[in-house]
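The residues making up each chain are set out below.
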Amino acid sequence: MSQSLQGIGMTSQRTRDRMVNRLIEQGVRNHKVLDIMRTTPRHIFVDEALASRAYEDTPLPIGYNQTISQPYIVARMTELLVNKLGHPQKVLEIGTGCGYQTAVLAQLVDHVYSVERILPLQKKAKTHLFDLKIKNVSYIHNDGGWGWPEYAPFDGILVSAAPSEIPDALLEQMAMGAVMIIPTGESGGQILQRVIRTDKGYEVEEFEGVSFVPFLSGRE
Ligand code: SAH
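Residues numbered from 1 in each chain as written. Predicted model: local features only at pLDDT ≥ 70, side-chain atom pairs only at ≥ 80, totals over all residues. Heavy atoms only, no water.

Student: I keep staring at the overall build of the chain and nothing clicks. Help me out?
Tutor: Scanning the chain for helices and strands turns up seven helices and nine strands. Relative to the 2.2 N^0.38 estimate, which gives 17 Å for 220 residues, the radius of gyration of the chain is 16 Å and therefore close to what a compact globule would have. In terms of principal-axis extent, the alpha carbons of the chain reach across some 50 × 35 × 35 Å. For the chain, the residues scored as buried account for 54% of the 220 residues in total. (Helix = DSSP H or I, 4+ residues; strand = E, 2+ residues; numbered from the N terminus. Rg over C-alpha atoms; globule rule 2.2 N^0.38 Å. Buried < 20%, exposed > 50% of the residue type's maximum accessible area, 1.4 Å probe, protein only.)

Spelled out as structure tokens, the structure:
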């Protein structure tokens, strides 16, 4: 592994270990998720000027008014998804952003289908995942409000931006037994939800309050 992937100083393995210890203190329990976050270099997903802050428990700017989600949120959403599913085959991700959440997911599922509405961010994400040799991801530049019907139904859906209501297309693209993790609500009052599709309909559980960028329509 090259020095830049491996990291030094504030981007070293020791710093990553400290981040994982903090995630455990914050209540993250899934060992597979913790192990993946221990080995995935988060600093390569942010601009070099911010690399020394990549392992802090904070969102950081990734350009275009968007942010990389804080480590706790990535861990929490991933855990809520895989705890119910074990090893999902097909997962739809809405909001590729810089690709960090994509990289974590891709190490836990057979294939990730990732949708991003801002083209330059999608390009950055592709480069980062290429550098990490992560190949089981398909990308599309589109409004995630449409899901990705060509590959539906999905075993899991993970949404990294907050709509005021869950888009119907996403509910329709869930397989029976599938799980969707999605923040919903207006800024200042968003809540993390888990939706499970059953033969009787959709069960919704609510988790903690969260602060995501808004889910926007159209493409840029
Ligand atoms: N998981 C990403 C989160 C990035 S922020 C990361 O850690 O980097 C949320 C992302 O969702 C942004 O890149 C934003 O452009 C994207 N987004 C917002 N609304 C969207 C929509 N309707 N369809 C696709 N992507 C969307």
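Student: Before we go on, may I ask you to explain the site of the ligand in this structure?
Tutor: Near the ligand there are 25 residues, and of these Cys-98, Glu-116, Asp-143, Gly-144 and Leu-216 occur at the shortest range. In the environment of the ligand, an oxygen atom lies 3.0 Å from a nitrogen or oxygen atom belonging to the backbone of Cys-98. In the environment of the ligand, a nitrogen atom lies 3.4 Å from a nitrogen or oxygen atom belonging to the side chain of Ser-160. Going through the elements one at a time, strand E2 (66-68) and strand E4 (111-116) are the ones with two or more residues in the shell around the ligand. For the shell around the ligand, the element with the most residues is E2, which contributes three residues. In terms of residue class, the shell around the ligand is built from 12 nonpolar, 10 polar and three charged. (Near = heavy atom within 4 Å. Polar contact = N/O pair within 3.5 Å; in protein donor to acceptor, adjacent residues only side chain to side chain. Nonpolar A, V, L, I, M, F, W, Y, C, P; charged D, E, K, R; others polar.)

Student: Explanation requested: the sheet that holds strand E8 (residues 190-198) in the structure shown.
Tutor: Strands in a sheet are paired, the pairing made by backbone hydrogen bonds, and the direction either parallel or antiparallel. Across the sheet, which stays open at both edges, the seven strands sit in the order E5-E4-E3-E6-E7-E8-E9 with mixed pairing between neighbours. Single-partner strands in this sheet number two, and they are strand E5 (137-141) and strand E9 (201-210). Shown here is a sheet whose adjacent strand axes are inclined to one another by a mean of 15 degrees, direction ignored. Here strand E7 (residues 174-184) runs beside E8; their pairing, made up of six bridges, is antiparallel. Residue pairing in the sheet places Pro-183 in a bridge with Leu-192 of E8. The strands that helix H4 (residues 71-85) touches are strand E3 (90-94), strand E6 (154-159), E7, E8 and E9; relative to E7, the one it contacts most, it runs at about 160 degrees. (Pairing = 2+ DSSP bridges. Axes fitted to C-alpha atoms, helices over the stretch in contact; angles between N-to-C directions. Contact = heavy atoms within 4.5 Å.)

Student: Would you explain the pattern of salt bridges in this entry?
Tutor: Between side chains of opposite charge, pairing is possible as soon as their charged atoms come close. Throughout the structure, instances matching the rule amount to six salt bridges. With its nearest N and O atoms 3.6 Å apart, the salt bridge here joins Glu-79 to Arg-76. Within this pair, Glu-79 and its partner Arg-76 are both found in helix H4, separated by three residues, close to a single helical turn. One exposure class covers both Glu-79 and Arg-76, and it is buried. Through salt bridges that share partners, Arg-76, Glu-79 and Glu-208 make up one connected network. (Salt bridge = Lys/Arg side-chain N within 4 Å of Asp/Glu carboxyl O.)

Student: Can you walk me through the pairing of E4 in this structure?
Tutor: The side chains of a regular strand alternate, residue by residue, between the two faces of the sheet. Burial of E4 is extensive: five of the six residues sit out of reach of the surface. The β-α-β motif built from E3, the intervening helix H5 (residues 100-106) and the parallel element E4 has right-handed crossover chirality. The handedness of the E4 to E5 crossover, carried by helix H6 (residues 119-131), is right-handed. (Right-handed = clockwise from strand over helix to strand, strands pointing away.)

Student: Mind showing me how you'd approach the environment of Ala-178 here?
Tutor: By the element assignment, Ala-178 lies in strand E7. Residue classification places Ala-178 among the buried positions, given a relative accessible area of 2%. In this structure the C-alpha to C-alpha distance between Ala-178 and Val-115, which are 63 residues apart in sequence, comes to 18 Å. Residues within four places of Ala-178 in sequence aside, it is in contact with Phe-154, Asp-155, Val-195, Ile-196 and Arg-197.

Student: How should the packing of aromatic side chains be read in this particular structure?
Tutor: What describes a pair of aromatic rings is the distance from one ring centre to the other and the angle between the planes of the rings. According to the stated counting rule, one finds five aromatic pairs in the structure shown. Residues Tyr-113 and Trp-148 carry aromatic rings whose centres are separated by 5.8 Å and whose planes lie at 90 degrees to one another, so their mutual orientation is edge-to-face. Taken together, the residues Tyr-113 in strand E4 and Trp-148 in the loop between E5 and E6 connect sequence positions 35 residues apart. Of the two residues examined, Tyr-113 and Trp-148, each falls in the buried class. Through a chain of ring-to-ring contacts, the aromatic side chains of Tyr-113, Trp-148, Tyr-151 and Phe-154 assemble into a single cluster. Positioned above the aromatic ring of Tyr-100 is the side chain of Arg-42, whose terminal nitrogen or guanidinium carbon lies 4.9 Å from the ring centre. (Phe/Tyr/Trp six-rings, centres within 6.5 Å; stacked < 30°, edge-to-face > 60°. Lys NZ or Arg CZ within 6 Å of the ring centre and 35° of its normal.)

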